Amino acid sequence: LFAIFAFATCGGYSGGLRLSVDCANKSESDLNIDIAFAYPFRLHQVNFDAPTCEGKRREKLSLIGDFSSSAEFFVTIAVFAFLYSLAATVVYIFFQNKYRENNRGPLIDFIVTVVFSFLWLVGSSAWAKGLSDVKIATDPDEVLLLMSACKQQSNKCLPVRSPVMSSLNTSVVFGFLNFILWAGNIWFVFKETGWHSSGQRHPPDTMEKQSSSYNQGGYNQDSYGPAGGYNQPGSYGQVGEYGQSQSYGQSGPTSFANQI
């Protein structure tokens, strides 16, 4: 939907302006000079006639500038983004198994999403600059400077109607909104690739390695040192002078004396 709004508000634009040239000789005046232009904004091909205020002779003029490259680039991105979004929606709904097979679908989807995010940023920025130039080239005050009759102070040249650029301004806004939308979608497509979940398995593995190395370092809850240990709650094991195991049980001092 955002892509449709982007290319519809730009590619479907047509506008115009109206000028008035009031010559000193009223019979030579032209108070309604209409100049129409439209997408793709090849303004140098937009011609119009204007009075010279020198008899009935009229001069043929044209607007200045060719801004078709940025406008067509913007519209092309919007159209392809719409087509890809439509195709991706069909795949998501009807071909989910093939999409996830060998992780190829999410990987392609991720790459295309990154590319479209970059193209939206570049295209919207280029079209914003192109639109600014279009506004200057179609400014009635700027167009009046092209007429020879307006260079004479005896003649009065006035702008009657300026072109309405609201839809073109909207197209630029939707262009940057599409960039935000696609750039934000990179995260969700990245999670579909499986790289996100595989990256989360590293911390547990690290903890296991630390735990094993800690146990191998000599700390064991069942033994304290190489010489002896707590084998049973009621006896203490100890190695005697001749290498035989001796124990201190619960038999009391007599048993202890006999063992000595």
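Residues numbered from 1 in each chain as written. Predicted model: local features only at pLDDT ≥ 70, side-chain atom pairs only at ≥ 80, totals over all residues. Heavy atoms only, no water.

Under an unreviewed UniProt entry, the protein chain has the name SYNPR protein and belongs to Rhynochetos jubatus. Its UniProt record, at the heading Subcellular location (unreviewed entry), says of the protein chain: "Membrane". Quoted verbatim from the Sequence similarities (unreviewed entry) field of UniProt, the annotation for the protein chain is "Belongs to the synaptophysin/synaptobrevin family." (UniProt positions renumbered as here; feature names shortened; annotations may be inferred.)

Draft legend 1. Main features of the pairing of strand β4 (residues 58–62). Side-chain alternation along β4 places E59 and L61 on a buried face and R58, K60 and S62 on a face that remains uncovered. With five bridges connecting them, strand β3 (residues 47–51) and β4 associate as antiparallel partners. Paired with P51 across the strands is R58, a residue of β4. Linking β3 back to β4 in an antiparallel pair, the connection comprises six residues, with C53 at a positive phi of about 60°. (Buried < 20%, exposed > 50% of the residue type's maximum accessible area, 1.4 Å probe, protein only. Helix = DSSP H or I, 4+ residues; strand = E, 2+ residues; numbered from the N terminus. Pairing = 2+ DSSP bridges.)

Draft legend 2. A look at the packing of aromatic side chains. This structure, assessed with the given rule, holds 14 aromatic pairs. Seen from their ring centres, F2 and F174 are 5.8 Å apart, and the 80° between their planes marks the pair as edge-to-face. Here F174 lies in helix α6 (residues 166–192) and F2 lies in helix α1 (residues 2–11), a separation of 172 residues in the sequence. Consider the rings of F116 and W182, whose centres lie 5.0 Å apart with planes at 40°: the pair is tilted. In this pair, F116 sits in helix α4 (residues 104–137) while W182 sits in helix α6, placing the two residues 66 residues apart along the sequence. The pair F116 / W182 is uniform in exposure class, with both members buried. Among the aromatic residues, those joined into a ring-pair cluster are Y13, F37, Y39, F41, F74, W120 and W127. (Phe/Tyr/Trp six-rings, centres within 6.5 Å; stacked < 30°, edge-to-face > 60°.)

Draft legend 3. Structural context of the nonpolar core. In terms of nonpolar packing, the biggest core is built from 42 residues, with I35, F41, F48, W120, W127 and M147 touching the most fellow members. Looking at this core, the elements with two or more residues in it are α1, β1 (14–22), β2 (30–38), β3, α2 (68–94), α4, α5 (140–144) and α6. Leaving out residues up to four positions away in the same chain, F41 has contacts with Y13, G65, D66, F67, S68, A71, W127, V134 and L168. (Core = buried A, V, L, I, M, F, W, Y, C linked by side-chain atoms within 4.5 Å. Contact = heavy atoms within 4.5 Å.)

Draft legend 4. How the structure looks around the environment of N103. On the secondary structure map, N103 appears in the loop between α3 (96–100) and α4. For N103, a relative accessible area of 27% translates into the label partly exposed. Taking the C-alpha atoms as reference, N103 lies 6.3 Å from T193; in sequence the two are 90 residues apart.

Draft legend 5. A look at α6. Across its 27 residues, α6 extends 39 Å between first and last C-alpha, which sits within 8% of the 39 Å expected from 1.5 Å per residue. Considering bend angle alone, the principal kink of α6 is centred on I186 and spans about 30°. Buried residues in α6 make contact with α1, α2 and α4. (Expected span 1.5 Å × (residues − 1). Bend = angle between axes of the 7 residues up to and from the residue.)

Draft legend 6. Summary view of a nonpolar patch on the surface. On the surface, L1, F2, F5, V173, L177, I180 and L181 cluster together to form a nonpolar patch covering roughly 680 Å² of accessible area. Of all the secondary structure elements, the ones that give two or more residues to the nonpolar patch are α1 and α6. The topology assignment puts I180 in helix α6. With a relative accessible area of 55%, I180 lands in the exposed category. (Patch = residues over 30% accessible without salt bridge, like charges linked within 9 Å, V, L, I, M, F, W, Y side chains within 5 Å. Areas by Shrake-Rupley, 256 points an atom, 1.4 Å probe, with all protein chains shown as cover. Salt bridge = Lys/Arg side-chain N within 4 Å of Asp/Glu carboxyl O.)

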